[in-house]
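# Understanding the architecture of this molecule
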Amino acid sequence: MTAREAVEKARECLEKVTPLESDCGELCAARCCRSLEGEETGMLLFPGEEERYQHMEGWKVLSGSAGNVVVCPGRCNRNERPLSCRIFPLLPVVRKGEIRAAMDQRASAVCPLAGYGVKGLSEAFREGVREAGRLLMESEETRQTLEEMTRRQDELKALRAAFGAK
Ligand code: SF4
Ligand code: SF4
């Protein structure tokens, strides 16, 4: 499978499932969609996703040290959402070659669901994230992306632990 095909199929896994059965954005006024004042923060794009956003009005693709990111207009239709937004606040991580759905280490600063842990989120969503991860493992390029994301998550976890986070 090519990276682009893997990402497209992974996006489809999260087309209809969300962290909660109700719209969690209504609980927190969509905190994960808001940039900090004075900052323009983007979402990491998976390989091949940038082409979709390059010419969309109101969206901007930037190159960052971790790869391409997209800055969105702050509102979107579900079918426009990048994969990073579809899986948040979880991430598919690679452990001994297997995919696990883990809480994104960045979520605790933003997302009120982070405190409930992975099992506090809907089973359909957790399985969607795992399935997306399994599909991403089928392309060499996206497998490497997942392994790199896992490594960065581990670093962030160690850093948070060093500052007393549980
Ligand atoms: S911050 Fe968490 S609870 Fe709020 S919209 Fe984003 S994923 Fe849902
Ligand atoms: S792309 Fe959509 S879901 Fe993602 S941050 Fe922007 S508005 Fe929120």
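Relevant structure appears above.
In this report, the structure presented in the accompanying data block is examined.

Rules used throughout
Residues numbered from 1 in each chain as written. Chains lettered and ligands numbered in written order. Predicted model: local features only at pLDDT ≥ 70, side-chain atom pairs only at ≥ 80, totals over all residues. Heavy atoms only, no water. Near = heavy atom within 4 Å. Nonpolar A, V, L, I, M, F, W, Y, C, P; charged D, E, K, R; others polar. Salt bridge = Lys/Arg side-chain N within 4 Å of Asp/Glu carboxyl O. Helix = DSSP H or I, 4+ residues; strand = E, 2+ residues; numbered from the N terminus. Buried < 20%, exposed > 50% of the residue type's maximum accessible area, 1.4 Å probe, protein only. Core = buried A, V, L, I, M, F, W, Y, C linked by side-chain atoms within 4.5 Å. Contact = heavy atoms within 4.5 Å. Pairing = 2+ DSSP bridges.

## Focus: the site of ligand 1
Surveying the vicinity of ligand 1 reveals the residues C24, G25, C28, A30, C32, F88, C111, P112 and L113. Here the residues of the shell around ligand 1 sort into 8 nonpolar, 1 polar and no charged.

## Remarks on the pattern of salt bridges
Counted under the stated rule, the structure contains 16 salt bridges. Note that E8 is salt-bridged to R52, the shortest N-O span being 2.6 Å. One end of the pair, E8, is in helix α1 (residues 3-13); the other, R52, is in helix α3 (residues 50-53), with 44 residues separating them in the sequence. For R130, the salt bridge is made with E127, and the minimal N-O distance between the two is 3.0 Å. Taken together, the residues R130 and E127, both in helix α5 (residues 123-136) and 3 residues apart, mark about one turn of the helix. In this structure E127 comes out as partly exposed when scored by relative accessible area, which is 30%. Residues joined in a network through salt bridges with shared partners are E123, R126, E127, R130, E131 and R134.

## Some words on the site of ligand 2
In the region of ligand 2, the neighbouring residues are C32, C33, M43, W59, C72, G74, R75, C76, R81, P82 and C85. Looking at the shell around ligand 2 residue by residue, the class counts come to 8 nonpolar, 1 polar and 2 charged.

## Details of the nonpolar core
Grouped together as the largest cluster of nonpolar side chains are 30 residues, with contacts concentrated most on L14, F46, L83 and L136. Taken together, the elements giving at least two residues each to this core come down to α1, α4 (83-87), β4 (90-95), β5 (98-103), α5 and α6 (140-162). If we ignore the near neighbours within four places in the chain, the residues touching L14 are R78, L83, R86, I87, F125, G128, V129 and A132.

## Some remarks on the sheet that holds strand β1 (residues 43-44)
An order of β1-β3-β2 is seen for the 3 strands of this open sheet, with the pairing classed as antiparallel. The open sheet has two edge strands, β1 and β2 (60-64), and neither has a second partner. Sheet analysis places β2 next to strand β3 (residues 67-71), joined by 5 bridges and oriented antiparallel. Within β3, the residue paired with L62 across the bridge is V69.

## Section: the environment of N77
Checked against the element boundaries, N77 lands in the loop between β3 and α4. For N77, a relative accessible area of 49% puts it in the partly exposed group. Distance from N77 to G133, taken between C-alpha atoms, is 23 Å for residues 56 residues apart in sequence.

Purely geometric stuff here, so don't read any function into it on its own.
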